[in-house]
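Observations on the model geometry
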Amino acid sequence: MKIILLGPPGAGKGTQATFIANSYGIPQISTGDMLRENVKNKSSLGIEAQGYMNKGNLVPDQLILDMMKNRLQEDDCASGYILDGFPRTIPQAKGLDVLLASIDHSLNAVVVIQVPDDVIVNRMGGRRVHLDSGRVYNVEYNPPKKEGIDDVSGESLIVREDDKEATVRKRLSVYHEMTKPLIEFYASKNLNAKINGNQLINSVQKEIKSALDKV
Ligand code: AP5
Ligand code: MG
């Protein structure tokens, strides 16, 4: 299965990508997690990306495409993957088409998670993340077993740098302008499965599973 997860910031892409990855035994490839790892390690990519990320802007397309070109050719991608947060612009989607053709891969589905903006702003204030794994929690809707602590590793959870309300609103406006046009782009290829993301996490998971079962 080669799947794209598309949706606004806070739609639940990371949350649902973990379920899908586990159920199909495929890697979850999150460009956001990869970039945060680079920021943490102060790599040259991380140093360049950080300024864009903290302001809620997109990192330039070519940096992302170069990063993904390497990632999609790793051994664990041979039987599929779930792309979380990529592509995010029309040039990235066109770049992905070229890349996939060059390695003889084709997409099976684009899962579009839809959530109204006001619901997202409310969710993001409660998000906590485990930086190393990308595991996502919410103090209200999906709390860890022990407050502030990752269930699996026992390490501390953090609040993401870009989860301040003003930055979330900026990220939403960038989504509407730059990323939403991808829904049309993939509709023309008959790949879209539209999912109501404004329901319980389990219900979203079930709706995605039944959509993917039909692919
Ligand atoms: P990225 O990390 O991809 O952030 P994003 O797209 O803004 O999405 P989020 O990770 O914020 O949300 P999510 O949809 O994963 O939701 P989650 O499951 O966490 O990108 C960050 C930055 O990196 C970008 O701004 C950009 O600068 C850069 N970047 C990344 N990729 C790029 C690219 N391809 N090109 C250019 N730049 C790129 O859930 C959110 C919260 O809600 C959590 O607390 C969760 O527990 C909770 N929640 C989830 N589902 C539900 C539900 N159904 N009900 C209630 N709460 C829920
Ligand atoms: Mg995410």
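It should be noted that the structure appears before, not after, this text.
This one's a predicted model, so the numbers in the text were calculated from it and none came from an experiment. (Residues numbered from 1 in each chain as written. Chains lettered and ligands numbered in written order. Predicted model: local features only at pLDDT ≥ 70, side-chain atom pairs only at ≥ 80, totals over all residues. Heavy atoms only, no water.)

1. Remarks on the pairing of strand E3 (residues 81-84)
Where we set the bar: Categorising residues by exposure relies on relative accessible area from a 1.4 Å probe, with only protein chains included: less than 20% of the type maximum marks a residue as buried, more than 50% marks it as exposed, and the intermediate range marks it as partly exposed. Going along the chain from the N terminus, every DSSP run of H or I of four or more residues is numbered as a helix, and every run of E of two or more is numbered as a strand. Two strands are counted as paired when DSSP detects at least two bridges linking them.
Side chains Tyr-81 and Leu-83 of E3 all project onto a buried face; the interleaved residues Ile-82 and Asp-84 project onto the opposite face, where all are buried too. Pairing of strand E1 (residues 2-6) with E3, which is carried by four bridges, proceeds in the parallel orientation. Its bridge partner lying in E3, Lys-2 is registered against Tyr-81. Here strand E2 (residues 28-30) runs beside E3; their pairing, made up of three bridges, is parallel. Across the sheet, Ser-30 pairs through a bridge with Asp-84, a residue of E3.

2. With respect to the site of ligand 1
The condition that has to hold: Whether a residue is near a molecule or strand is decided by its heavy atoms; if any one of them lies within 4 Å of it, the residue is near. In the analysis that follows, any N or O atom pair within 3.5 Å is treated as a polar contact, provided that within protein one partner can donate a hydrogen and the other can accept it, and provided that, for residues neighboring in sequence, both atoms belong to side chains. Residue-level accessible areas treat just the shown protein chains as cover; the underlying method is Shrake-Rupley with a 1.4 Å probe.
Taken together, the neighbourhood of ligand 1 is formed by 36 residues, with Thr-15, Asn-57, Arg-127, Tyr-137 and Arg-171 sitting nearest. Separating an oxygen atom of ligand 1 from a backbone N or O atom of Ala-11 is a distance of 3.2 Å. A distance of 2.8 Å separates an oxygen atom of ligand 1 from a polar atom in the backbone of Lys-13. With the chains in place, 97% of the 1000 Å² that ligand 1 exposes on its own is no longer accessible. If you list the elements that add at least two residues to the shell around ligand 1, you get helix H1 (13-24), helix H2 (31-40), helix H6 (117-124), strand E6 (136-138) and helix H9 (201-213). Sort the elements by how many residues they give to the shell around ligand 1 and H2 lands first, with four residues.

3. Considering H9
Put simply, the rule is: Multiplying one less than the number of residues by 1.5 Å gives the expected span of a helix. What the arc covers is the set of directions going from the helix axis to the C-beta atoms. A contact between two residues is defined here by any heavy atoms of the two lying within 4.5 Å.
In this model H9 runs 18 Å from its N-terminal to its C-terminal C-alpha over 13 residues, within 8% of the 18 Å that 1.5 Å per residue would give. Among the residues of H9, Val-204, Ile-208, Ala-211 and Leu-212 are the ones counted as buried. Taken end-on, H9 shows its buried residues confined to a sector of 95 degrees, consistent with a single buried face. Opposite the buried face of H9, at more than 90 degrees from it, the exposed residues are Asn-202 and Lys-206. Tucked into the core, H9 has its buried residues touching E1, H1, strand E4 (109-114) and strand E7 (192-196).

4. Some details on the nonpolar core
Definition in use: To define a nonpolar core, start from buried Ala, Val, Leu, Ile, Met, Phe, Trp, Tyr and Cys residues and group those joined through side-chain atoms within 4.5 Å.
One finds Ile-29, Leu-35, Met-68, Leu-72, Leu-83, Leu-96 and Tyr-186 to be the most contacted residues of the largest nonpolar core, which totals 32 residues. Where this core is concerned, the elements lending two or more residues are E1, H2, helix H3 (44-55), helix H4 (61-71), E3, helix H5 (90-102), E4 and helix H8 (181-187). Those residues within four positions of Leu-35 in sequence are excluded, and the remaining contacts are Leu-45, Ala-49, Met-53, Val-59, Ile-64 and Met-67. Residues Leu-5, Ile-82, Val-121 and Leu-172 belong to the second largest nonpolar core, which totals 23 residues.

5. Considerations on the pattern of salt bridges
Here is the rule we go by: Salt bridge, as used here: a side-chain nitrogen of Lys or Arg that lies within 4 Å of a carboxyl oxygen of Asp or Glu.
Taken as a whole and judged by the stated rule, the model has 13 salt bridges. Among the salt bridges present, the one from Asp-76 reaches Arg-71, with a minimum N-O distance of 2.8 Å. The class for Arg-71 is buried, based on a relative accessible area of 14%. Salt-bridge contacts for Lys-189 lead to Asp-97; the nearest nitrogen and oxygen are separated by 3.0 Å. Here Asp-97 lies in helix H5 and Lys-189 lies in the loop between H8 and E7, a separation of 92 residues in the sequence. Owing to a relative accessible area of 37%, Lys-189 belongs among the partly exposed residues under this scheme. A network of salt bridges, in which partner residues are shared, links Arg-127, Arg-160, Asp-162, Asp-163 and Arg-171.

6. Overview of the sheet that holds E7
Cut-off, in case you're wondering: Each axis is a line fitted through C-alpha atoms, and for a helix only the stretch in contact is used; angles between axes span 0 to 180 degrees, taken between their N-to-C directions.
Taking strand neighbours across the sheet as the criterion, the five strands line up as E2-E3-E1-E4-E7 in an open arrangement whose pairing is parallel. Where the open sheet ends on each side, the last strands, each with one partner, are E2 and E7. Across the sheet, the mean angle separating the axes of adjacent strands is 20 degrees when strand polarity is ignored. Direction of pairing for E1 relative to E4: parallel, over a ladder of four bridges.

Any functional reading would require information beyond the geometric quantities listed.
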